[in-house]
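# Descriptive analysis of the structure
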Amino acid sequence: MKTIIDFKCKKCGNCCRRGFVYLKEEEIKNISSFLKINTKQFIKEYTENILWLGKVLKFKNNKCIFLTDNNLCLIYEIRPYQCRTFPNWGWIVKKENWQEEIREFCNGV
Ligand code: SF4
Ligand code: SF4
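One structure accompanies this document, and this report is about it. (Residues numbered from 1 in each chain as written. Chains lettered and ligands numbered in written order. Predicted model: local features only at pLDDT ≥ 70, side-chain atom pairs only at ≥ 80, totals over all residues. Heavy atoms only, no water.)

## Structural notes on the overall build of the protein
A tally of helices and strands in the protein yields five helices and four strands. Each helix (α) and strand (β) of the protein, taken in turn from the N terminus, gives the series α-α-β-β-β-β-α-α-α. For 109 residues, the compact-globule estimate of 2.2 N^0.38 gives 13 Å, and the C-alpha radius of gyration of the protein, at 15 Å, lies within 12% of that figure. Oriented by its inertia axes, the alpha-carbon framework of the protein measures out at about 40 × 30 × 25 Å. For the protein, the residues scored as buried account for 33% of the 109 residues in total. Within the protein, contacts between residues at least 6 apart in sequence are counted, and of these 56% link residues at least 24 apart. When the accessible surface of the protein is summed, it comes to about 7,800 Å², and 51% of that surface belongs to carbon and sulfur atoms. (Helix = DSSP H or I, 4+ residues; strand = E, 2+ residues; numbered from the N terminus. Rg over C-alpha atoms; globule rule 2.2 N^0.38 Å. Buried < 20%, exposed > 50% of the residue type's maximum accessible area, 1.4 Å probe, protein only. Contact = heavy atoms within 4.5 Å. Areas by Shrake-Rupley, 256 points an atom, 1.4 Å probe, with all protein chains shown as cover.)

## Topic: the site of ligand 2
Near ligand 2 lie 13 residues; those nearest to it are Cys-9, Lys-10, Cys-12, Cys-15 and Cys-106. A breakdown of the residues in the shell around ligand 2 according to their chemical character gives seven nonpolar, four polar and two charged. (Near = heavy atom within 4 Å. Nonpolar A, V, L, I, M, F, W, Y, C, P; charged D, E, K, R; others polar.)

## What to know about the nonpolar core
Counting 11 residues, the largest nonpolar core consists of Val-21, Leu-23, Ile-28, Ile-31, Ile-37, Phe-42, Tyr-46, Leu-57, Cys-64, Phe-66 and Ile-75. Sequence-distant contacts of Phe-42, defined by excluding residues within four places in its chain, comprise Leu-23, Ile-28, Ile-31, Ser-32, Leu-35, Ile-37, Thr-47, Leu-57 and Phe-66. Counting residues in each nonpolar core, the second largest holds six residues, with Ile-92, Ile-102, Phe-105 and Cys-106 among its members. (Core = buried A, V, L, I, M, F, W, Y, C linked by side-chain atoms within 4.5 Å.)

## A short note on the site of ligand 1
Taken together, Cys-16, Val-21, Leu-57, Cys-64, Phe-66, Leu-67, Cys-73, Ile-75, Pro-80 and Cys-83 make up the full set of residues near ligand 1. Per-class residue counts for the shell around ligand 1 are 10 nonpolar, no polar and no charged.

## Quick notes on helix α1 (residues 25-35)
For α1, the set of buried residues is Glu-27, Ile-28, Ile-31 and Ser-32. The buried residues of α1 occupy one face: seen down the axis, they fall within an arc of 130°. α1 presents Glu-25, Glu-26, Lys-29 and Ser-33 as exposed residues on the side facing more than 90 degrees away from its buried surface. Looking at the buried positions of α1, the neighbouring elements they touch are α2 (39-46), β2 (54-57) and α3 (81-85). Just downstream of α1, Lys-36 is the residue with a positive phi angle, here 60°. (Arc of directions from axis to C-beta.)

Without other data, these values stay purely geometric and don't point to any function.
Right, here's the structure in full:
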């Protein structure tokens, strides 16, 4: 996979206000443990099911449920793989015009 060069997150939180955050089984367990709750409770309070995607993090007030008003991630240390790797996603960097698309909302590119 090609890596985006010179990317530096500016902590604007814009990527936490769009799309879906997919959760792997292992991430569900790890985040539940981080929050000191059981997985059943975590799933009920923090996730929703999307028919064709599976479990994703809930959005509240048009942002990820874990994003604070100061653009901080409440589960930063244990945030899902998808969050840790943005914007270096295969389908993004494969696109010819990825820079224009990502720059529309990401201040770090
Ligand atoms: S888990 Fe954290 S990094 Fe990922 S979308 Fe939510 S607030 Fe953003
Ligand atoms: S949109 Fe870009 S700069 Fe803003 S928080 Fe997300 S990765 Fe960082």
